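Coordinates in review
One-letter residues, chain by chain:
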Amino acid sequence: QVQLVESGGGLVQAGGSLRLSCAASGRTFANYAMGWSRQAPGKEREFVASIKGSSTYYEDSVKGRFTISRDGAKNMVYLQMNSLQPDDTATYYCLANPVLLPTTPWGLVSYWGQGTQVAVSS
């Protein structure tokens, strides 16, 4: 059974940092892209970042503030989030799919985590 389990969310003040982690299990993800999406209350789901091999993609509003990384040996993917702002408040979801681009339709993503909440206070 494939599982993506997120951790690391929480409450932080504006300007602070958080590091999200995602532990993947149940299959080999070596040929899969891993990534993160987020959804704030009342808003549409939004692509945040993805990584496959040496290629990374970021949503424009997080470029320069968020960094995605991956440990293939441990089946882990991370999202380092710096300079957090109230607009970053959302539930963050770990994703896995053969291809993960900002334009990948959500309905085609193979695997999802349950989400971890991030709240940024002003």
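Structural notes, computed from the coordinates. None of the values given here were measured: they were computed from a predicted structure.

The subject of this paragraph is the side chain of E6. With respect to the secondary-structure elements, E6 resides in strand β1 (residues 3–7). There is no salt bridge for the buried E6, and the closest opposite charge comes from R45, which lies 8.2 Å off by N-O distance. Within the structure, the side chain of E6 is placed 3.1 Å from the backbone nitrogen of Q114, a separation counted as a polar contact. Within the structure, the side chain of E6 is placed 2.9 Å from the backbone nitrogen of G115, a separation counted as a polar contact. Excluding residues that lie within four positions of it along the chain, E6 makes contacts with S21, C22, W36, Y92, Y93, C94, G113, Q114, G115 and T116.

This paragraph deals with the state of the cysteines. The tally for this structure, following the rule as stated, stands at one disulfide. With its sulfur 2.1 Å from that of its partner, C22 forms a disulfide with C94. For the disulfide bridge between C22 and C94, the dihedral angle about the S-S bond is near -85°, and by the sign convention the bridge is left-handed. Here C22 is found in strand β3 (residues 18–25), whereas its partner C94 is found in strand β9 (residues 90–97), with 72 residues between them in sequence. Here the two residues C22 and C94 agree in accessibility, since each one is buried.

This brings us to the sheet that holds β3. Strands sit in the order β1-β3-β8-β7 across an open sheet of four strands; the sheet is antiparallel. With one partner strand each, in any of the chains shown, β1 and β7 (66–71) form the two edges of the open sheet. Across the sheet, the mean angle from the axis of one strand to that of its neighbour is 15°, orientation sign disregarded. Here six bridges tie β3 to strand β8 (residues 76–81), and the two strands are oriented antiparallel to one another. Residue C22 lies in a different strand from β8, and its bridge partner there is V77.

Parameters and conventions
Residues numbered from 1 in each chain as written. Predicted model: local features only at pLDDT ≥ 70, side-chain atom pairs only at ≥ 80, totals over all residues. Heavy atoms only, no water. Helix = DSSP H or I, 4+ residues; strand = E, 2+ residues; numbered from the N terminus. Buried < 20%, exposed > 50% of the residue type's maximum accessible area, 1.4 Å probe, protein only. Lys, Arg positive; Asp, Glu negative; His and termini not counted. Salt bridge = Lys/Arg side-chain N within 4 Å of Asp/Glu carboxyl O. Polar contact = N/O pair within 3.5 Å; in protein donor to acceptor, adjacent residues only side chain to side chain. Contact = heavy atoms within 4.5 Å. Disulfide = S-S within 2.5 Å. Pairing = 2+ DSSP bridges. Axes fitted to C-alpha atoms, helices over the stretch in contact; angles between N-to-C directions.

As far as function goes, none of this settles anything; it's purely spatial.
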